[in-house]
Amino acid sequence: MTLCIFTNGLPSIANAQTAGDVVTKMNADQRLSYVSGVVEGLAYSRWLRDKPSAEGMNCVYDWYYKGAGKDWNGVVSWFERHPDKPVGALLYVLIKKDCGE
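Treat the numbers as computed from the prediction; the structure is a model and nothing was measured.

**Brief notes about the overall build of the protein**
Piece 1. Regarding its fold elements, the protein presents five helices and two strands.
Piece 2. Ordered by position from N to C terminus, the α and β elements of the protein give β-β-α-α-α-α-α.
Piece 3. The 101 residues of the protein split such that 29% are buried.
Piece 4. Restricting the contact set of the protein to residue pairs at least 6 apart, pairs at least 24 apart contribute 55%.
Piece 5. On the protein, roughly 6,600 Å² of surface is accessible, and the fraction owed to carbon and sulfur atoms is 56%.

Here it is in structure tokens:
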């Protein structure tokens, strides 16, 4: 399934963004919104796998909002080191260190 987004009246295809795209093509608000959405998806995916336990999902949220993910410069630095990789995969690697698989 392809998601079509209308911008200025013209459709464009929404694709997963690479880390380089996030760092170079998005402003600060767009970056924060995009990364927050990816983290939300990772947290929800974790809950679906682990339910009824919410421990893993809560760990992902805590990582982002209270822990290492709160270090925005560290996240951006990680993206800059891997500009050709998908944001979701890069965040997964970081989150996995604290929250397991």
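**Some points on helix α5 (residues 87-99)**
Piece 1. With 13 residues, α5 extends 18 Å from end C-alpha to end C-alpha; this agrees with the ideal 18 Å at 1.5 Å per step.
Piece 2. Looking only at α5, the buried set comprises Val87, Leu90, Leu91, Leu94, Ile95 and Cys99.
Piece 3. Count one or two residues on from α5 and you reach glycine 100, which has phi positive near 70°.

**Quick notes on the pattern of salt bridges**
Piece 1. Per the stated rule, a full pass over the model turns up six salt bridges.
Piece 2. Salt bridges sharing partners connect three or more residues here, namely Arg46, Arg49 and Asp50.

**Some details on the state of the cysteines**
Piece 1. Enumeration over the complete set of coordinates arrives at one disulfide.
Piece 2. With its sulfur 2.1 Å from that of its partner, cysteine 59 forms a disulfide with cysteine 99. Classification of the bridge connecting cysteine 59 and cysteine 99 rests on its S-S torsion, roughly -90°, and on that basis the disulfide is left-handed. Here cysteine 59, found in helix α3 (residues 55-65), pairs with cysteine 99, found in helix α5; they are 40 residues apart in sequence, far enough to count as distant.
Piece 3. With relative accessibility at 23%, the residue cysteine 59 sits in the partly exposed group.
Piece 4. Note on cysteine 99: relative accessible area 9%, which makes it buried.

**Describing the packing of helix α2 (residues 28-50) against α3**
Piece 1. At a minimum axis distance of 7 Å, the contact between α2 and α3 shows a crossing angle of 160°. Comparing their axes, α3 and α2 come out roughly antiparallel. Along this stretch, α2 crosses α3, giving a crossing that reads as right-handed. Two secondary-structure elements touch here, α2 through Leu32, Val35, Ser36, Val39, Glu40, Leu42, Ala43, Arg46, Trp47 and Asp50 and α3 through Gly56, Met57, Val60, Tyr61, Tyr64 and Tyr65.
Piece 2. In terms of residue class, the contact of α2 with α3 is made up of eleven nonpolar, two polar and three charged.

Conventions we followed
- Residues numbered from 1 in each chain as written.
- Predicted model: local features only at pLDDT ≥ 70, side-chain atom pairs only at ≥ 80, totals over all residues.
- Heavy atoms only, no water.
- Helix = DSSP H or I, 4+ residues; strand = E, 2+ residues; numbered from the N terminus.
- Buried < 20%, exposed > 50% of the residue type's maximum accessible area, 1.4 Å probe, protein only.
- Contact = heavy atoms within 4.5 Å.
- Areas by Shrake-Rupley, 256 points an atom, 1.4 Å probe, with all protein chains shown as cover.
- Expected span 1.5 Å × (residues − 1).
- Salt bridge = Lys/Arg side-chain N within 4 Å of Asp/Glu carboxyl O.
- Disulfide = S-S within 2.5 Å.
- Axes fitted to C-alpha atoms, helices over the stretch in contact; angles between N-to-C directions.
- Parallel < 35°, antiparallel > 145°, perpendicular 65-115°, else oblique.
- Left-handed = near helix turned anticlockwise from the far one by under 90°.
- Nonpolar A, V, L, I, M, F, W, Y, C, P; charged D, E, K, R; others polar.

Function-wise, these values are silent; they only describe arrangement.
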